[in-house]
Amino acid sequence: MDPDAIRRSWEQVKARELVMRAAKEAVPDVPEWNWKHKIVDESGSEERFHARVETYDARRMSRISHHFWWLVHNCVAHPLIGVAPLKSFFDFHDWTSKKINGED
């Protein structure tokens, strides 16, 4: 994949996160799941995956760490929400999302 395309994809992901954070602050009483899905992400999951791996590389973080958190996020957190949409499972999902993005 073209490095510039990866960078642009990652910038789109980060810009979307800023928009979501601003929206959440503007309407704090509305649960995040009510509006988060309405903000369309133009990049696909493959582009985001490669962009995150490149970011891990740039930060000299282990790719194995990224892949571990990707598996936990996608193979544990998402199914838990599907089985029982409890707040604790959504919190776990958000925590693993931060881990996969190298934010924690």
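Residues numbered from 1 in each chain as written. Predicted model: local features only at pLDDT ≥ 70, side-chain atom pairs only at ≥ 80, totals over all residues. Heavy atoms only, no water.

1. Some thoughts on the overall build of the chain
- Check the secondary structure of the chain and you find five helices and zero strands.
- If you list the helices and strands of the chain from N to C, you get α-α-α-α-α.
- Buried residues in the chain amount to 25% of all 104 residues.
- Expressed as a percentage of contacts within the chain between residues at least 6 apart in sequence, the contacts between residues at least 24 apart total 51%.
- Summing over all exposed atoms, the chain offers an accessible surface of approximately 7,100 Å²; the carbon and sulfur share of this is 59%. (Helix = DSSP H or I, 4+ residues; strand = E, 2+ residues; numbered from the N terminus. Buried < 20%, exposed > 50% of the residue type's maximum accessible area, 1.4 Å probe, protein only. Contact = heavy atoms within 4.5 Å. Areas by Shrake-Rupley, 256 points an atom, 1.4 Å probe, with all protein chains shown as cover.)

2. Thoughts on the packing of aromatic side chains
- Evaluation of the coordinates by the stated rule reveals three aromatic pairs.
- Seen from their ring centres, Phe 68 and Trp 69 are 5.0 Å apart, and the 75 degrees between their planes marks the pair as edge-to-face.
- Note on Phe 92 and Trp 95: the rings are 6.1 Å apart at their centroids and 35 degrees apart in plane angle, and the pair reads as tilted. With a gap of three residues between them, Phe 92 and Trp 95 both fall in helix α5 (residues 87–100), about one helical turn apart. (Phe/Tyr/Trp six-rings, centres within 6.5 Å; stacked < 30°, edge-to-face > 60°.)

3. Notes on the packing of helix α4 (residues 63–83) against α5
- Orientation of α4 relative to α5, taken along the N-to-C sense of each, is 160 degrees, at an axis distance of 9 Å. Our classification of the angle between α4 and α5 gives roughly antiparallel. Judged by the twist between their axes, the crossing of α4 over α5 is left-handed. Contacts between α4 and α5 involve His 66, Trp 69, Trp 70, Val 72, His 73, Val 76, Ala 77, His 78, Leu 80 and Ile 81 from the former and Phe 89, Phe 90, Phe 92, His 93, Trp 95, Thr 96, Ser 97, Lys 99 and Ile 100 from the latter.
- Split into classes, the residues belonging to the contact of α4 with α5 amount to twelve nonpolar, six polar and one charged. (Axes fitted to C-alpha atoms, helices over the stretch in contact; angles between N-to-C directions. Parallel < 35°, antiparallel > 145°, perpendicular 65-115°, else oblique. Left-handed = near helix turned anticlockwise from the far one by under 90°. Nonpolar A, V, L, I, M, F, W, Y, C, P; charged D, E, K, R; others polar.)

4. Remarks on the confidence of the model for the chain
- The predicted model of the chain has a mean per-residue pLDDT of 75, with 61% of residues at 70 or higher.
- Within the chain, the element-level pLDDT minimum falls on helix α2 (residues 32–35), averaging 47, and the maximum on α5, averaging 92.
- Of the regions scoring below 50 in pLDDT, residues 33–40 engages in ten contacts with residues more than four places distant in sequence or in other chains. (pLDDT = per-residue confidence, 0-100.)

5. A short note on the pattern of salt bridges
- This structure, assessed with the given rule, holds one salt bridge.
- Of the charged contacts in the structure, one is a salt bridge between Lys 87 and Asp 91, with a shortest N-O distance of 2.9 Å. Within this pair, Lys 87 and its partner Asp 91 are both found in helix α5, separated by four residues, close to a single helical turn. (Salt bridge = Lys/Arg side-chain N within 4 Å of Asp/Glu carboxyl O.)

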